[in-house]
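# Observations on chain architecture
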Amino acid sequence: MNDLYQKMLSVYDQSTDRARRNAVYQVSQQIILAGLADGGFFDKAAFYGGTCLRIFHGLNRFSEDMDFTLLKEDDQFEFENYFQPIIDQFALVGRQVEIKKKDKKSFGKVESAFLKDNTDVYDLSFQTEKSIKVKIEVDTVPPLKFATEQKISNLPKSFMTRCVTLPDLFAGKMHALVYRAWKSRVKGRDWYDFAWYVRWNVPLDWNHLQERILQFNGENVSLEQFLHTLRERLANTDIEKVKEDVIPFLNDEQELDIWSNDYFLQLVDLMKIQQ
């Protein structure tokens with residue numbers, strides 16, 4: 001473990017075991033992105049999801065997984081081609097890691113329903129810290145009609161990451177909130193992110209959301225139909241279960257004091273829609 005790695009860790013709170021663990025995750029995610037940039041990964045793919053939102057847009061919650069989408073369908077894509085640049089980048093900061101492709105059969109029915117058959121899943125783990133494992137997902141047959149932008153990082157060095165733009169990140173999140181795995185368990189992080197997008201006046205890209213619904217769910221819905229389903233979900237979900245799920249990912253639980261079903265229903269009325 002070298003000085004650069006220690007400096008990267010020092011940016012984060014390490015006052016508790018959980019905070020230290022989260023700090024290691026967050027530094028690891030930055031190093032993974034640097035390795036992918038070295039390997040030319042972002043010529044073909046873009047970063048999205050909660051971890052993207054935290055790293056590049058200041059979302060104030062922890063997230064473990066890293067989600068990527070190809071820019072266009074590619075059945076021949078091999079993420080294994082990018083393993084070595086990631087391993088090399090960790091070696092530069094004095095860390096040894098291993099990356100393994102995950103057997104999708106190990107997922108339960110809920111995850112299998114959400115994770116498309118053409119979504120490749122990988123685990124990166126530390127040889128020196130077996131409890132630290134970063135899951136990486138790459139969608140090789142993605143819903144299209146999304147835009148990307150280049151975002152700069154300066155640690156562990158200066159490099160560019162291609163990211164899905166905020167309106168399309170919002171679209172992905174709303175698809176998750178309404179359609180993804182909600183029958184079996186509540187994912188409070190989806191609700192937290194939804195509130196974040198609305199508070200920061202990010203417009204929702206309806207064209208990309210409609211494309212996601214069509215590809216994942218086989219439904220061609222109107223905006224009015226989607227909003228009706230969204231309101232039903234927000235009105236009928238146990239808000240206490242929503243809070244319980246997201247609390248482990250927050251620094252300040254008081255952020256949830258305002259949360260109620262009515263709070264989220266009012267957020268729907270404040271949403272900006274980009275058509």
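Bear in mind the structure is a predicted one, so any value in this text is a computation, not a measurement.

## Here's the deal with the overall build of the protein chain
- When helices and strands are counted, the protein chain shows eleven helices and nine strands.
- Every one of the 275 residues in the protein chain was classed for burial, and the buried ones make up 51%.
- Considering only residue pairs separated by 6 or more positions, the protein chain has 67% of its internal contacts joining residues 24 or more positions apart.
- Only carbon and sulfur atoms are counted for the fraction: they give 46% of the accessible area of the protein chain, which is about 13200 Å².

## Describing the pattern of salt bridges
- Tallied over the entire structure, the rule returns ten salt bridges.
- Taking the shortest distance from any N to any O, the salt bridge between Asp 65 and Lys 135 comes out at 3.8 Å. Of the two residues, Asp 65 sits in the loop between α3 (50–57) and β2 (66–70) while Lys 135 sits in strand β5 (residues 133–139), which places them 70 residues apart along the sequence.
- Salt bridges linked by common partners bring Arg 61, Lys 173, Asp 190 and Asp 193 together as one network.

## Focus: the nonpolar core
- In terms of nonpolar packing, the biggest core is built from 81 residues, with Phe 194 and Phe 226 touching the most fellow members.
- No other element matches helix α2 (residues 17–38), which puts nine residues into this core.
- Sequence-distant contacts of Phe 194, that is, excluding residues within four places in its chain, are made with Phe 170, Lys 173, Met 174, Leu 177, Leu 234, Phe 264, Leu 267, Val 268 and Met 271.

## Things to note about unusual backbone geometry
- Residue Leu 155 is joined to Pro 156 through a cis peptide bond whose omega torsion reads 5°.
- Looking at the secondary structure, you find Pro 156 in the loop between β6 (148–153) and β7 (159–164).
- For Asn 201, which is not glycine, the phi dihedral falls at a positive 55°.
- Position of Asn 201 relative to the elements: it lies in the loop between α7 (188–199) and β8 (204–205).

## Some details on the packing of aromatic side chains
- Under the defined criterion, the tally for this structure stands at 23 aromatic pairs.
- Judged by centre distance (6.3 Å) and plane angle (25°), the ring pair of Phe 194 and Phe 264 falls under stacked. In this pair, Phe 194 is assigned in helix α7 and Phe 264 in helix α11 (residues 261–270), connecting sequence segments 70 residues apart. Accessibility assignment for this pair places Phe 194 and Phe 264 in one class, buried.
- Among the residues examined, Phe 264 registers a relative accessible area of 0% and is labelled buried.
- A connected cluster of aromatic rings, assembled from ring pairs, spans Phe 170, Trp 191, Tyr 192, Phe 194, Trp 196, Tyr 197, Trp 200, Trp 259, Tyr 263 and Phe 264.

## Considerations on the environment of Val 141
- Turning to its location among the elements, Val 141 is positioned in the loop between β5 and β6.
- It is 8.1 Å that separates the C-alpha atoms of Val 141 and Thr 69, two residues lying 72 residues apart in sequence.

## Considerations on the packing of helix α6 (residues 166–179) against helix α9 (residues 223–236)
- Running from N to C, α6 and α9 point in directions that differ by 60°, and their axes come no closer than 9 Å. In terms of orientation, α6 and α9 fall into the oblique class. The handedness of the crossing between α6 and α9 comes out as left-handed. Between α6, through Met 174, Leu 177, Val 178 and Tyr 179, and α9, the contact on the second element is made entirely by Phe 226, Thr 229, Leu 230, Arg 233 and Leu 234.
- Classifying every residue of the contact of α6 with α9 gives seven nonpolar, one polar and one charged.

## A word on helix α10 (residues 239–246)
- Looking only at α10, the buried set comprises Ile 239, Val 242, Lys 243, Asp 245 and Val 246. All buried residues of α10 project into a common sector of 165° when viewed along the axis, lining one side. The outward face of α10, more than 90 degrees from its buried face, is lined by the exposed residues Lys 241 and Glu 244.
- The inward-facing, buried residues of α10 abut α7 and α11.
- Sitting at the head of α10, Asp 238 places a side-chain oxygen 3.0 Å from the backbone nitrogen of Glu 240.

## What to know about the side chain of Asp 67
- Looking at the element boundaries, Asp 67 is found in strand β2.
- Here Asp 67 falls in the buried class, since its relative accessible area comes to 17%.
- With sequence-adjacent residues up to four places away left out, Asp 67 is seen in contact with Ala 46, Phe 47, Tyr 48, Gly 49 and Glu 137.

What counts, and at which threshold
Residues numbered from 1 in each chain as written. Predicted model: local features only at pLDDT ≥ 70, side-chain atom pairs only at ≥ 80, totals over all residues. Heavy atoms only, no water. Helix = DSSP H or I, 4+ residues; strand = E, 2+ residues; numbered from the N terminus. Buried < 20%, exposed > 50% of the residue type's maximum accessible area, 1.4 Å probe, protein only. Contact = heavy atoms within 4.5 Å. Areas by Shrake-Rupley, 256 points an atom, 1.4 Å probe, with all protein chains shown as cover. Salt bridge = Lys/Arg side-chain N within 4 Å of Asp/Glu carboxyl O. Core = buried A, V, L, I, M, F, W, Y, C linked by side-chain atoms within 4.5 Å. Phe/Tyr/Trp six-rings, centres within 6.5 Å; stacked < 30°, edge-to-face > 60°. Axes fitted to C-alpha atoms, helices over the stretch in contact; angles between N-to-C directions. Parallel < 35°, antiparallel > 145°, perpendicular 65-115°, else oblique. Left-handed = near helix turned anticlockwise from the far one by under 90°. Nonpolar A, V, L, I, M, F, W, Y, C, P; charged D, E, K, R; others polar. Arc of directions from axis to C-beta. Polar contact = N/O pair within 3.5 Å; in protein donor to acceptor, adjacent residues only side chain to side chain.

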